[in-house]
Amino acid sequence: MNSFLKIMQKTEKCVKKSKELYSLLSPELQTLGLDVREHTSSFCFQVFKNDGNIGLSISIPPDAFGNDSDSIIYETALLDSSGDLIYDDDLGYDDVKRFSDRDELDIEIKNILL
């Protein structure tokens with residue numbers, strides 16, 4: 001199988017897993033008063049504090065998606081009110097953060113946005 005096809009298959013899996021994650025997280029986060037933006041046809045979605053000043057991009061990136069379909073890496077990136085990527089050392093975001101399990105991701109969302 002050529003590498004382009006492999007990349008496309010991984011991307012499709014990431015989009016599917018991201019939609020599943022969005023379906024699970026969105027109602028819970030909205031109940032907590034967070035602004036969960038609509039999921040588009042990509043492998044990420046955005047969640048903002050209720051005041052809209054800061055947010056997180058939550059993704060399942062293809063470059064970190066293992067060959068084993070059960071191995072999922074979650075990635076968060078810090079966003080400003082416009083949805084642009086920002087860095088803030090005080091919040092621990094000198095780069096994106098990656099998490100190997102859902103519990104770690106849930107803790108990060110709550111630590112940054114609540």
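For the structure itself, look to the data block above.
First, a word on scope: everything that follows refers to the structure included in this document. (Residues numbered from 1 in each chain as written. Predicted model: local features only at pLDDT ≥ 70, side-chain atom pairs only at ≥ 80, totals over all residues. Heavy atoms only, no water.)

What to know about the packing of helix H1 (residues 3–31) against helix H2 (residues 102–113)
Where we set the bar: Note on method: axes are straight lines fitted to C-alpha atoms, helices fitted across the in-contact stretch only, with angles between N-to-C directions ranging 0 to 180 degrees. Working definition: helices are DSSP H or I runs of at least four residues, strands are E runs of at least two. Numbering for both runs from the N terminus. Note on convention: the crossing is left-handed when the near helix lies turned anticlockwise from the far helix by less than a right angle, right-handed when the turn is clockwise. What makes two residues a contact is simply this: any of their non-hydrogen atoms within 4.5 Å. Under this grouping Gly is polar, as are all residues other than the nonpolar Ala, Val, Leu, Ile, Met, Phe, Trp, Tyr, Cys and Pro and the charged Asp, Glu, Lys and Arg.
With their axes 13 Å apart at the nearest point, H1 and H2 run at an angle of 35° to one another. Of the two possible hands of crossing, H1 and H2 adopt the one that is right-handed. Along the contact surface, H1 presents Leu 21, Leu 24, Leu 25, Glu 28 and Leu 29, while H2 presents Arg 102, Leu 105, Asp 106, Ile 109 and Lys 110. Of the residues belonging to the contact of H1 with H2, the class tally is six nonpolar, no polar and four charged.

Points about a negative patch on the surface
Using the following cut-off: A patch is a set of surface residues, each over 30% in relative accessible area and not in a salt bridge, joined within 9 Å for like charges and within 5 Å for the nonpolar side chains Val, Leu, Ile, Met, Phe, Trp and Tyr. Methods summary: accessible areas were calculated by the Shrake-Rupley approach with a probe of 1.4 Å, and residue burial reflects only the protein chains presented. Salt bridge, as used here: a side-chain nitrogen of Lys or Arg that lies within 4 Å of a carboxyl oxygen of Asp or Glu. We treat Lys and Arg as the positive residues and Asp and Glu as the negative residues; His and chain ends play no part in the count. Working definition for charges: the position is that of NZ of Lys, CZ of Arg, CG of Asp or CD of Glu.
A cluster of acidic residues, Asp 89, Asp 90, Asp 94 and Asp 95, forms a negative patch on the protein surface. The topology assignment puts Asp 94 in the loop between strand S4 (74–80) and strand S5 (97–99).

Structural notes on the side chain of Ser 59
With respect to the helices and strands, Ser 59 occurs in strand S3 (residues 54–59). Ser 59 has contacts with Phe 43, Cys 44, Ile 73, Tyr 74 and Glu 75, leaving out every residue within four places of it along the chain.

Focus on H2
An α-helix turns once per 3.6 residues; consequently, residues spaced three or four apart project the same way. Applicable threshold: A helix is expected to span 1.5 Å multiplied by its residue count minus one. In protein, a polar contact means a hydrogen-donor-capable atom and an acceptor-capable atom, both N or O and within 3.5 Å, with residues adjacent in sequence counting only if both atoms are side-chain atoms; elsewhere, any N or O pair within 3.5 Å suffices.
Relative to the 16 Å expected for twelve residues at 1.5 Å per residue, H2 spans 16 Å between its end C-alpha atoms, a close match to the ideal helical length. On its buried side, H2 packs onto H1, strand S2 (44–48), S3, S4 and S5. Between the side-chain oxygen of the N-cap and the backbone nitrogen of Asp 103 there are 3.1 Å, and the N-cap of H2 in question is Asp 101.

Topic: the pattern of salt bridges
Side chains carrying opposite charge are able to pair once their charged atoms draw close together. What counts is decided by this rule: Burial classes: relative accessible area under 20% of the type maximum marks a residue as buried, over 50% as exposed, and values in between as partly exposed (1.4 Å probe, protein chains only).
As enumerated under the stated definition, the model contains six salt bridges in all. With a closest N to O distance of 3.6 Å, Glu 28 and Lys 110 form a salt bridge. Of this pair, Glu 28 sits in helix H1 while Lys 110 sits in helix H2, placing them 82 residues apart in sequence. One salt bridge connects Arg 98 with Glu 75, and the closest N-O pair in it is separated by 2.7 Å. Of the two residues, Arg 98 is situated in strand S5 and Glu 75 in strand S4; the sequence distance between them amounts to 23 residues. Residue classification places Arg 98 among the partly exposed positions, given a relative accessible area of 41%. Salt bridges linked by common partners bring Asp 63, Glu 75 and Arg 98 together as one network.

Considering the packing of aromatic side chains
Using the following cut-off: Stacked, edge-to-face and tilted are the three classes for Phe, Tyr and Trp ring pairs, Trp counted by its six-membered ring, which pair at centre distances within 6.5 Å; planes under 30 degrees apart are stacked, over 60 edge-to-face, the rest tilted. Should the NZ of a Lys or the CZ of an Arg lie within 6 Å of a ring centre and within 35 degrees of the ring normal, that charge is described as sitting over the ring.
Applying the stated criterion across every chain yields a total of one aromatic pair. Summarising the aromatic geometry, the rings of Tyr 22 and Phe 45 are spaced 5.1 Å apart at their centres and angled 80° between planes, so their arrangement reads as edge-to-face. Linking Tyr 22 in helix H1 with Phe 45 in strand S2, this pair joins segments that are 23 residues apart in sequence. Here the two residues Tyr 22 and Phe 45 agree in accessibility, since each one is buried. The ring of Tyr 93 carries the charged tip of Lys 97 above its face, separated from the ring centre by 4.8 Å.

Examining the pairing of S4
Counted only if it meets this: A pair of strands counts as paired when DSSP detects no fewer than two bridges linking them.
Most of S4 is tucked away, with six of its seven residues classed as buried. One ladder, built from six bridges, connects S3 with S4; its direction is antiparallel. Across the sheet, the residue bridging to Ile 58 is Thr 76, located in S4. With three bridges joining them, S4 and S5 adopt antiparallel strand pairing. Within the sheet, the bridge partner assigned to Thr 76 lies in S5 and is Lys 97.

Geometry only, nothing functional implied.
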